[in-house]
Amino acid sequence: MNYFNNISKVKFEGANSTNPLAFKYYNPEEMINGKSMQEFMRFSIAYWHTFVGDGGDPFGQGTMIRPWNEYIGMDLAKARVEAAFELFEKLNVPFFCFHDSDIAPEGNNLKETYDNLDKIVSMIKEYMKTSKTKLLWNTANMFSHPRWLHGAATAPNADVFAYAAAKVKKGLEIGKELGSENYVFWGGREGYETLLNTNMKLELDNLGRFFHMAKDYAKEIGFDAQFLIEPKPKEPTKHQYDFDVATGLAFLHTYGLTDYFKFNVEANHATLAGHTFEHELHVARINGMLGSVDANQGDALLGWDTDEFPTDLYSTTLAMYEILKNGGLGTGGLNFDAKARRGSFDPEDLFYAHIAGMDAFAIGAKVAQRLIKDKVLDKIVDERYSSFKEGIGLEIVEGRTNFYKLEEYALQLGEIQNKSGRQEKIKGIINKYLLEAYL
Ligand code: XUL
Ligand code: CO
């Protein structure tokens, strides 16, 4: 069954094309950093927003026209698989991601849920035999059902912890079965609402125990996917434990887990944490922990996770700068954890949205690549820190000094000469690169 009959395969037509259903900048074959753009960008489609999300919000019901919604239950789950692989093919996207609950409905008990999952997983596996689209990551939804109301691995109830373990165990088996390259842990309700009833130490220790059991089980079954933590500071809980990359990193260090995890950095989660997208990518990168990206954008006027398709070229450029400096994303990718707006309800809006996002990141990649090739920021940063390359600066960096020697040095200094940081000049240069990229 086909669901997007009026749309044919989206092709690259170049910047002068006026065809709204063509890529203008994302050319899968063009080379970026020694790889084809298709291989380098590793775009991915999020099953939950694209095939499940209905556009409902706290003030109104769903608005999305989705032809597969004429089915219910397992038939709906099967129809979604058909629609998904048609969309993957037509958008020529190499990866997809899902939560267990996106692909199959929960049954009346865990065993029934497993059975539903098994049926859909074998259907997906069948489609994957002929499709070029692979699984970037899967994950467990441990936040929607009421049983998770106090959290999952950080719940105050051991039965909930056990149920969460069973879900993740199954998720790891599914990941192995479908050849997933990563496995994601987003702490859906792993956080707290009030300290008045919370044993934070026990909750965090339990989360550490949970992750150890997960990595042990993955090893045991030979599932060698990269584990990823996806930080988010708030929403749904008031305070989420994986607040941002730095907090997540401290957690991994505390519980001896740094060798087994990297981070899945999401743009809108970064901005909710009061950081820029590039800040979170940078913190992950300089610590060797940048694993994958949930590509979207928030709205500066709103304080929640709006999951918009990324179209801000300044942000995609600075994000791609970090990704290029990281040498790419390894087994990770750029997953569109993004939804078309409630008012963009036609099936074809799914195409416009993904095309806009892929083009925005392609522009970002091309501009960032030029900034790196011309060493624009490298030269500025090198020069700014040049005092650490010789004399007292070199002694500091090489650990050859101490407070006595530094005091002696400081006492003979006259007025210190600082240099301008020139950030306005730098932003002007970046704008020039952005504009020149397509002239
Ligand atoms: C929620 C979010 C999730 C994760 C996967 O804000 O980003 O969809 O990406 O659980
Ligand atoms: Co996400």
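Here, every reference points to the structure presented above.
In this text, all values refer to a predicted model and were calculated from it rather than measured experimentally.

Conventions and cut-offs
- Residues numbered from 1 in each chain as written.
- Chains lettered and ligands numbered in written order.
- Predicted model: local features only at pLDDT ≥ 70, side-chain atom pairs only at ≥ 80, totals over all residues.
- Heavy atoms only, no water.
- Helix = DSSP H or I, 4+ residues; strand = E, 2+ residues; numbered from the N terminus.
- Rg over C-alpha atoms; globule rule 2.2 N^0.38 Å.
- Buried < 20%, exposed > 50% of the residue type's maximum accessible area, 1.4 Å probe, protein only.
- Contact = heavy atoms within 4.5 Å.
- Areas by Shrake-Rupley, 256 points an atom, 1.4 Å probe, with all protein chains shown as cover.
- Lys, Arg positive; Asp, Glu negative; His and termini not counted.
- Charge placed at Lys NZ, Arg CZ, Asp CG, Glu CD.
- Donors = N, O, S within 2.8 Å, 3.2 Å for Na, K, Ca; no water.
- Tetrahedral: all angles 85-135°; square planar, octahedral: opposite > 155°, others 65-115°.
- Core = buried A, V, L, I, M, F, W, Y, C linked by side-chain atoms within 4.5 Å.
- Axes fitted to C-alpha atoms, helices over the stretch in contact; angles between N-to-C directions.
- Parallel < 35°, antiparallel > 145°, perpendicular 65-115°, else oblique.
- Nonpolar A, V, L, I, M, F, W, Y, C, P; charged D, E, K, R; others polar.
- Polar contact = N/O pair within 3.5 Å; in protein donor to acceptor, adjacent residues only side chain to side chain.
- Near = heavy atom within 4 Å.
- Expected span 1.5 Å × (residues − 1).
- Pairing = 2+ DSSP bridges.
- Phe/Tyr/Trp six-rings, centres within 6.5 Å; stacked < 30°, edge-to-face > 60°.
- Lys NZ or Arg CZ within 6 Å of the ring centre and 35° of its normal.

Student: Hey, could you run me through the overall build of the chain in this one?
Tutor: Secondary structure summary: the chain contains 16 helices and 14 strands in total. For the chain, the C-alpha radius of gyration of 24 Å lies close to 22 Å, the compact-globule estimate for 439 residues. The C-alpha extent of the chain, read off along each of the three principal axes, is 80 × 60 × 45 Å. Looking at the chain residue by residue over its 439 residues, the buried ones come to 50%. Here the contacts in the chain between residues at least 6 apart in sequence split such that 78% fall between residues at least 24 apart. Counting only carbon and sulfur atoms, one obtains 54% of the accessible surface of the chain, whose full area is about 21400 Å². The distance from the centre of the 48 positive side-chain charges to the centre of the 61 negative ones in the chain is 4 Å.

Student: Explain the coordination of the cobalt ion (ligand 2) to me, please; I cannot follow it from the model alone.
Tutor: Tetrahedral coordination by four donors puts the ideal angle at the metal at 109.5 degrees, and octahedral coordination by six puts it at 90 or 180 degrees. Coordination of the cobalt ion (ligand 2) by the protein comes from Glu 230 (OE), Glu 266 (OE), Asp 294 (OD) and Asp 337 (OD), over a distance range of 1.9 to 2.1 Å. Here the cobalt ion (ligand 2) is ringed by six donor atoms whose angles at the metal span 81 to 172°, and the overall shape comes out octahedral. With relative accessibility at 3%, the residue Glu 230 sits in the buried group.

Student: It is not clear to me how unusual backbone geometry should be interpreted in this structure. Could you clarify?
Tutor: What you tend to see is this: most non-glycine residues have negative phi, and most peptide bonds are trans. Here the amide bond leading from Glu 235 into Pro 236 is cis, since omega sits at 10°, within 30 degrees of zero. Its identity is not glycine, yet Arg 42 carries a phi of approximately 50°, on the positive side. Position of Arg 42 relative to the elements: it lies in the loop between α1 (37-41) and β5 (43-46). Given a relative accessible area of 14%, Arg 42 falls into the buried group. The backbone phi angle of Glu 235 is positive, close to 70°, even though this residue is not glycine. Within the secondary structure layout, Glu 235 lies in the loop between β10 (226-230) and β11 (239-240).

Student: Hey, could you run me through the nonpolar core in this one?
Tutor: Soluble globular proteins tend to bury their nonpolar side chains together. In terms of nonpolar packing, the biggest core is built from 114 residues, with Met 41, Leu 172 and Phe 361 touching the most fellow members. For this core, the element with the most residues is helix α12 (residues 347-373), which contributes 12 residues. What Met 41 contacts, discounting residues up to four positions off in sequence, is Tyr 26, Met 320, Gly 333, Leu 334, Phe 361, Ala 362 and Ala 365.

Student: Would you take a moment to explain the packing of helix α10 (residues 277-286) against helix α11 (residues 313-325) for this structure?
Tutor: Packed helices, taken two at a time, are described by the angle between their axes plus the distance between the axes. Two numbers describe how α10 lies on α11: the axes approach to 9 Å, and their chain directions differ by 5°. Classed by the angle they form, the pair α10 and α11 counts as roughly parallel. Taken together, the residues of α11 that come into contact with α10 (itself represented by Phe 277, Glu 278, Leu 281, His 282 and Arg 285) are Ser 315, Leu 318, Ala 319, Glu 322 and Lys 325. By residue class, the composition of the contact of α10 with α11 is four nonpolar, two polar and four charged.

Student: I tried to follow the side chain of Lys 167 on my own but got confused; where do I start?
Tutor: Within the secondary structure, Lys 167 sits in helix α6 (residues 158-177). At 3.1 Å, the side chain of Lys 167 and the side chain of Asp 100 are in polar contact. Aside from chain neighbours lying at most four places away, what touches Lys 167 is Asp 100, Glu 106, Tyr 114, Ala 140, Asn 141, Met 142 and Trp 148.

Student: What's the story with the site of ligand 1 in this structure? I'm lost.
Tutor: The environment of ligand 1 is made up of Trp 48, His 99, Trp 137, Trp 186, Glu 230, Lys 232, Glu 266, His 269, Asp 294, Asp 305 and Asp 337. One of the side-chain nitrogen or oxygen atoms of Glu 230 is found 2.7 Å away from an oxygen atom of ligand 1. At a separation of 3.0 Å, an oxygen atom of ligand 1 approaches a polar side-chain atom of Asp 305. In isolation ligand 1 has 290 Å² of accessible area, and contact with the protein removes 93% of it. Among the residues forming the shell around ligand 1, the class breakdown is three nonpolar, two polar and six charged.

Student: Looking at this model, I keep getting lost on helix α3 (residues 73-91). Mind explaining?
Tutor: Because an α-helix completes one turn every 3.6 residues, residues spaced three or four positions apart along the sequence face the same direction. Between its first and last C-alpha, α3 extends 27 Å over 19 residues, near the 27 Å set by a 1.5 Å rise per residue. Among the 19 residues in α3, 14 count as buried, and that is most of the element. Positive phi appears at Asn 92, one or two residues downstream of α3, with a value of about 55°.

Student: Honestly, the sheet that holds β10 in this entry has me stumped. Any pointers?
Tutor: Across a sheet, strands are paired by hydrogen bonds formed along the backbone, either parallel or antiparallel in direction. Spatially, eight strands are ordered β5-β6-β7-β8-β10-β12-β13-β14 in a closed barrel, and the strand pairing comes out parallel. On average, adjacent strands in this sheet sit at an angle of 30° to one another, irrespective of strand direction. Judged from the three bridges that link them, β10 and strand β12 (residues 261-266) form a sheet pairing that is parallel. When the bridges of β12 are listed, Phe 227 appears paired with Phe 261. Sheet strands touched by α12: β5 and β14 (334-336). Its angle to β14, the strand with the most contacts, is close to 155°.

Student: What is the right way to read the packing of aromatic side chains from this model?
Tutor: Geometrically, a pair of aromatic rings is defined through the distance of the ring centres and the angle of the planes. Across all of its chains, the model carries 30 aromatic pairs by this definition. Where Phe 4 meets Trp 68, the ring centres are 5.9 Å apart and the plane angle is 65°; that geometry is what we call edge-to-face. Taken together, the residues span a long stretch of sequence, with Phe 4 in the segment before β1 (11-12) and Trp 68 in the loop between α2 (47-52) and α3 at a distance of 64 residues. Each member of the pair, Phe 4 as well as Trp 68, carries the same accessibility label: buried. A ring pair is formed by Tyr 26 and Phe 43, whose centres lie 5.1 Å apart and whose planes are at 75°; its orientation type is edge-to-face. Here Tyr 26, found in the loop between β2 (22-23) and β3 (31-32), pairs with Phe 43, found in strand β5; they are 17 residues apart in sequence, far enough to count as distant. You'll find Tyr 26 and Phe 43 in the same group, each marked buried. Clustering of aromatic rings is evident, with ring pairs tying together Tyr 3, Phe 4, Tyr 47, Phe 51, Trp 68, Phe 85, Phe 88, Phe 96, Phe 98, Tyr 127 and Phe 351. Over the aromatic face of Tyr 114 sits the side chain of Lys 170, whose NZ or CZ is 5.0 Å from the ring centroid. Looking at Lys 215, its charged tip hangs above the ring of Tyr 260, at a distance of 4.8 Å from the centre.

Nothing here speaks to function; it is geometry throughout.
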